[in-house]
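Fold and contact review
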Amino acid sequence: MSEYLMQTYGRQPVAFVRGEGVWLYDEQGERYLDAVAGVAVNGLGHAHPVLAQALCAQAGKLIHTSNLYHIPLQEALAQRLCQLSGLERAFFCNSGAEANEAAIKIARLYGHNRGVDSPAIVVMERSFHGRTMATLSATGNRKVQAGFEPLVSGFVRVPFGDAEAVAALAGHHRNIVAVLVEPYQGEGGVQIPQADYLAALRRICDDNAWLLMLDEVQTGVGRTGTWFAFQHADVLPDVMTLAKGLGSGVPVGACLARGVAAQTFVPGKHGSTFGGNPLACVAALTTLQVMEQEGLLEHAAQIGAFIRADLAHRLAGVAGVREIRGQGLMIGIELDRPCAELVARALAARLLINVTQDTVVRLLPPLIMQRAEAGQLTETLACLIREFLE
Ligand SMILES: *Cc1c(COP(=O)(O)O)cnc(C)c1O
């Protein structure tokens, strides 16, 4: 029946009907090992009993009331996210793109409030920020933008990982008000910058009164082994966006801010009908609570290190493997050639993986993946990669 759907996706020929932990089951009852987790969404795996129970209970009480009224669960979630991040206020929406829209609007309003009539935001090559008009304009990928011109103006692009290039803008672009960057690029091919990159950006932003805005839509909520990726770098952003892992699959996004950035929105400047509704907030609060109770941050760091080391061992000396990199359970294996067909080969081997930037196998397993399952993943994947490169 897919003729009734707009043809926006190239889908794998499989449909899943249920899941349990790191496993998904298709319509024939075949079992697949999930190393994609709904694109970094299902951190708790599938059908986590605590989450299922919490969602059922909330659905039986209240799903939605709108932001015309106070929502105590939204306030509790904002408080928890601020405690975990060191930021001060949250705005809730329903996706990563929407969270970045909020960040972009904060930056522009911050600029206008300071007398900058045409504010600009520094963004990076190979970045990904979403598919809405402003976020695809911020995105550093021509494929995402082509056909949708005119793009939203007000973005200045520099190479990712190059703090000097950002510093060099300070002299001659008087309109810059913010830097928007992913701590580690996901769609851009799991790119990990130098350890001092964010600290360097923080200094440049401080020197020029620019907002440092981190897109942690993919890296946030434990994915890299800390609550947020910036916590590896000992810096604090002015604005941070979250979505993917936050609600374990119930759509919820957040834009958090501190200082003047947290004071920028006033009534009437932004809003969302669904944003932060009781069901979404229970999903997020329960996700954070289970992550803490099950020690999933340390666990993700350990399992991620194991996967990278084991793949490095199994693929040692294999010509065509360029690099194995990552942080926590955000892992990239870069090959010397396009490898999109590995996704179908893995599917045939009952393993779900992703390929991004044509040549990078990307793994984003559920944070609950156990050592034995991780071993099964590395064994199957290393075989597939060896066969593919032969
Ligand atoms: C996925 C992603 C987005 C977009 O999120 P949506 O929920 O698809 O709108 C934005 N930024 C980053 C870094 C992402 O990985």
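Anyway, here's the lowdown on the structure attached to this text. A quick note: this is a predicted structure, and the numbers were derived from the prediction, not measured.

1. Quick look at the pairing of strand β11 (residues 321-327)
- Note: β11 against strand β12 (residues 330-335), six bridges, orientation antiparallel. Looking at β12, one finds that I324 is bridged to I333.
- Linkage of β11 to β12, two consecutive antiparallel strands, is achieved through a turn of two residues, within which G328 is found at a positive phi near 55°.

2. Quick word on the site of the ligand
- In the vicinity of the ligand, the residues found are S95, G96, A97, N100, F128, H129, G130, E182, D215, V217, Q218 and K244.
- Separating an oxygen atom of the ligand from a backbone N or O atom of G96 is a distance of 2.8 Å.
- When the free accessible area of the ligand is taken as 380 Å², the share hidden by the protein chains comes to 81%.
- The biggest single contributor to the shell around the ligand is helix α4 (residues 96-113), with three residues.
- For the shell around the ligand, a count of residues per class yields three nonpolar, six polar and three charged.

3. With respect to helix α13 (residues 371-389)
- Here α13 contains 19 residues, and its C-alpha end-to-end distance of 27 Å stays within 8% of the 27 Å for a straight helix at 1.5 Å per residue.
- The complete set of buried residues in α13 reads E373, A374, G375, L377, T378, L381, A382, L384, I385, F388 and L389.

4. Remarks on helix α10 (residues 278-293)
- Taking 1.5 Å of rise per residue, the 16 residues of α10 would be expected to cover 22 Å, and the 22 Å separating its terminal C-alpha atoms lies within 8% of that figure.
- The buried fraction of α10 is high, at 13 of 16 residues.
- The positive-phi residue at the C-terminal boundary of α10 is G295, with phi of around 60°.

5. Notes on the packing of aromatic side chains
- Counted by the stated rule, this structure contains four aromatic pairs.
- Between the aromatic rings of F160 and Y197, the centroid separation amounts to 5.5 Å while the plane-to-plane angle is 75°, which identifies the pairing as edge-to-face. Within this pair, whereas F160 is found in the loop between β6 (155-158) and α7 (163-172), its partner Y197 is found in helix α8 (residues 197-208), the two being separated by 37 residues in sequence. Accessibility assignment for this pair places F160 and Y197 in one class, buried.
- We note R18 situated over the ring of Y25; from NZ or CZ to the ring centre the distance is 4.0 Å.
- Here the guanidinium or amino end of R371 rests over the ring plane of F306, the centre of that ring lying 3.9 Å away.

6. Describing the pattern of salt bridges
- Tallying each qualifying case throughout the model produces 13 salt bridges.
- Among the salt bridges present, the one from R314 reaches D310, with a minimum N-O distance of 2.8 Å. On the criterion of helical spacing, the pair formed by R314 and D310 is a turn pair, its members being four residues apart in helix α11 (residues 296-314).
- With a relative accessible area of 28%, R314 lands in the partly exposed category.
- Overlapping salt bridges, with partners in common, bring together R202, D206, D238 and R258 in one network.

7. Considering the sheet that holds strand β13 (residues 351-352)
- Reading across from one edge, β1-β2-β3-β13 is the order of the four strands in this open sheet, with mixed pairing throughout. The outermost strands of the open sheet, each flanked by one partner alone, are β1 (16-20) and β13.
- Bridge count for β1 against strand β2 (residues 23-26) is four bridges, and the pairing is antiparallel. The partner of G19 across the bridge, within β2, is L24.

Reading the values: rules and limits
- Residues numbered from 1 in each chain as written.
- Predicted model: local features only at pLDDT ≥ 70, side-chain atom pairs only at ≥ 80, totals over all residues.
- Heavy atoms only, no water.
- Pairing = 2+ DSSP bridges.
- Helix = DSSP H or I, 4+ residues; strand = E, 2+ residues; numbered from the N terminus.
- Near = heavy atom within 4 Å.
- Polar contact = N/O pair within 3.5 Å; in protein donor to acceptor, adjacent residues only side chain to side chain.
- Areas by Shrake-Rupley, 256 points an atom, 1.4 Å probe, with all protein chains shown as cover.
- Nonpolar A, V, L, I, M, F, W, Y, C, P; charged D, E, K, R; others polar.
- Expected span 1.5 Å × (residues − 1).
- Buried < 20%, exposed > 50% of the residue type's maximum accessible area, 1.4 Å probe, protein only.
- Phe/Tyr/Trp six-rings, centres within 6.5 Å; stacked < 30°, edge-to-face > 60°.
- Lys NZ or Arg CZ within 6 Å of the ring centre and 35° of its normal.
- Salt bridge = Lys/Arg side-chain N within 4 Å of Asp/Glu carboxyl O.

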